[in-house]
Amino acid sequence: MPKQPSSPTRDSATANHPVLCPLNPVISTPAMLDLENQLTQWLWTGATGAVIAGASRSGKTTSFDEICSRLRARNGRSIPVLRMTMPLRDQKTVLSVYRQLCWAAGLNISGRHTADELAVRYLHLISDVMAEHGLEQALLVVDECQRLSPLQFNVFAELYDRLRSIQKTLMTVFVGNDPETWRLIDGMDSDQYAHIHGRFFLHRRAFSGIQSAKEVSYCLAQYDALRYPEKSGRTYVEAFVPQAVAAGFRLASASNLFWRVFRGYQQRFKIGSWGMQSFSITTNTLLSDFLPRYGVDELGEAMIDEAIRLSGLVPSLVTRPTIDKSR
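Residues numbered from 1 in each chain as written. Predicted model: local features only at pLDDT ≥ 70, side-chain atom pairs only at ≥ 80, totals over all residues. Heavy atoms only, no water.

Undergrad: Looking at this structure, how should I read the overall build of the chain?
TA: Each helix and strand in the chain was counted, giving 13 helices and seven strands. Expressed as lengths along the three principal axes of its C-alpha atoms, the size of the chain is roughly 65 × 60 × 35 Å. Within the chain, the fraction of its 327 residues that count as buried is 48%. Relative to all contacts within the chain whose residues are 6 or more apart in sequence, the contacts with residues 24 or more apart total 74%. Roughly 16,900 Å² of accessible area belongs to the chain as shown, and the carbon and sulfur atoms make up 48% of that amount. Across the chain, the mean location of the 36 positive side-chain charges is 1 Å away from that of the 31 negative side-chain charges. (Helix = DSSP H or I, 4+ residues; strand = E, 2+ residues; numbered from the N terminus. Buried < 20%, exposed > 50% of the residue type's maximum accessible area, 1.4 Å probe, protein only. Contact = heavy atoms within 4.5 Å. Areas by Shrake-Rupley, 256 points an atom, 1.4 Å probe, with all protein chains shown as cover. Lys, Arg positive; Asp, Glu negative; His and termini not counted. Charge placed at Lys NZ, Arg CZ, Asp CG, Glu CD.)

What follows is the structure, encoded as structure tokens:
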């Protein structure tokens, strides 16, 4: 097997294929579907907040990218969703959170604005977005929440309280990495931060990557079914190995093989689940580089193992160059 993929010549049908784009294709997963159902249930039952945490690169952010536009209220109207990603900052202040909320929403602000001024502007924006959707309800998603300090959670409590006073509901979902997120919220004093625990921490969910051969099959089957262009094109697999597909090959038929190779990594390195970033890179590398070059008859453990290695699943396996410190 090659140590690095060397792409074969692309024809016009595959040159811009989603499989060749680093951020595509976005494959639906059981965890993504479960998240959509859970968010809908929380929104429909009036939950004020929740915490969702999972391993880095497990697919949390991508899942929210996909499902936020699909969320609906009980009356069928689209739920307005606001999102922000918490950056890593030396100064963990309330003001910095309000600034990030406003920046993420596209509001023009300056360094002269106070926390109170930014709060008012953001509240007006939320109210305007709700009015546009014909609802008195909205969802705020806070990504990388493990970077917050306990004090900064008060921002989201204030937003909830001030909107509630005018008969509007804001549900805030905090999304972060495991285990940092759980350590943060479990370390917040239950008396001092009772108002935070009650609003936001009652609902907790773990987010996982792929956890079984059945889930691998579910994901691979989409490569066998999705088409590019969407309506008139060939399936993703057919675009790269058309003769094999014509002869009956389906990528999902290799799901047990995929899982068996991953399980070796899982047991050796104590990995909880197969993160979607690694799975997608593994599958895209196989489909776009290895299978067209070596043929589907060569699809075996060695080929999948090399694709997993290239995906960066275990960074410690990457050989680092030796530095000569004598110079």
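Further notes follow.
Undergrad: Please clarify how the pairing of strand β4 (residues 169-177) should be interpreted in this entry.
TA: Looking along a regular strand, one sees the side chains alternate between the two faces of the sheet. Buried residues dominate β4, accounting for eight of its nine residues. Examined bridge by bridge, strand β1 (residues 49-54) and β4 share six bridges and lie parallel to one another. Among the inter-strand pairings, Val51 is bridged to a residue of β4, identified as Phe174. The sheet contact formed by strand β3 (residues 137-143) and β4 spans seven bridges and is parallel. The partner of Gln137 across the bridge, within β4, is Thr169. Regarding the hand of the β-α-β motif, the stretch spanning β3, helix α5 (residues 153-164) and β4 is right-handed. (Pairing = 2+ DSSP bridges. Right-handed = clockwise from strand over helix to strand, strands pointing away.)

Undergrad: Would you take a moment to explain the pairing of β1 for this structure?
TA: Of all six residues in β1, six are buried; the element is thus mostly enclosed. Of the two faces of β1, the one lined by Gly49, Val51 and Ala53 and the one lined by Ala50, Ile52 and Gly54 are each fully buried.

Undergrad: When you look at unusual backbone geometry in this model, what are you seeing that I'm missing?
TA: Among all residues save glycine, negative phi is the norm, and among peptide bonds the norm is trans. In this structure, Pro179 follows Asp178 across a cis peptide bond, with omega equal to 15°. Looking at the secondary structure, you find Pro179 in the loop between β4 and α6 (180-186). Here the amide bond leading from Tyr228 into Pro229 is cis, since omega sits at -10°, within 30 degrees of zero. When you line up the elements, Pro229 lands in the loop between β6 (227-228) and β7 (234-235). A positive phi is found at Arg57, a non-glycine position, where the angle reads about 65°. Note that Arg57 resides in the loop between β1 and α2 (60-67).

Undergrad: Would you mind showing me how to read the environment of Ile271 here?
TA: Take Ile271: it is sitting in the loop between α11 (255-269) and α12 (276-294). Owing to a relative accessible area of 18%, Ile271 belongs among the buried residues under this scheme. Along the chain, Ile271 and Val314 lie 43 residues apart, while their C-alpha atoms are 9.3 Å from each other. Setting aside anything within four residues of it in sequence, one finds Ile271 in contact with Phe262, Tyr265, Gln266, Leu313 and Val314.

Undergrad: Please explain the pattern of salt bridges as it appears in this structure.
TA: Pairs can form between side chains of opposite charge once their charged atoms are near each other. For the structure on display, the rule yields nine salt bridges. The salt bridge partner of Glu158 is Arg162, with a shortest N-O separation of 2.9 Å. Highlighted residues: Glu158 and Arg162, both in helix α5, separated by four residues, approximately one helical turn. Under the relative-accessibility criterion, Glu158 is labelled partly exposed at 26%. Its relative accessible area of 33% is what places Arg162 among the partly exposed residues. Put simply, Arg204 and Asp186 hold a salt bridge, and the shortest N to O gap is 2.8 Å. Of this pair, Arg204 sits in strand β5 (residues 204-207) while Asp186 sits in helix α6, and the two are 18 residues apart along the sequence. What makes Arg204 partly exposed here is its relative accessible area of 37%. (Salt bridge = Lys/Arg side-chain N within 4 Å of Asp/Glu carboxyl O.)

Undergrad: Is there a simple way to explain the side chain of Ser96 in this structure?
TA: Following the sequence through the fold, Ser96 ends up in helix α3 (residues 94-104). Classification of Ser96 by relative accessible area gives buried; the value is 16%. Of the polar contacts made by the side chain of Ser96, one reaches the side chain of Gln152; its length is 3.2 Å. Leaving out residues up to four positions away in the same chain, Ser96 has contacts with Met86, Gln91 and Gln152. (Polar contact = N/O pair within 3.5 Å; in protein donor to acceptor, adjacent residues only side chain to side chain.)

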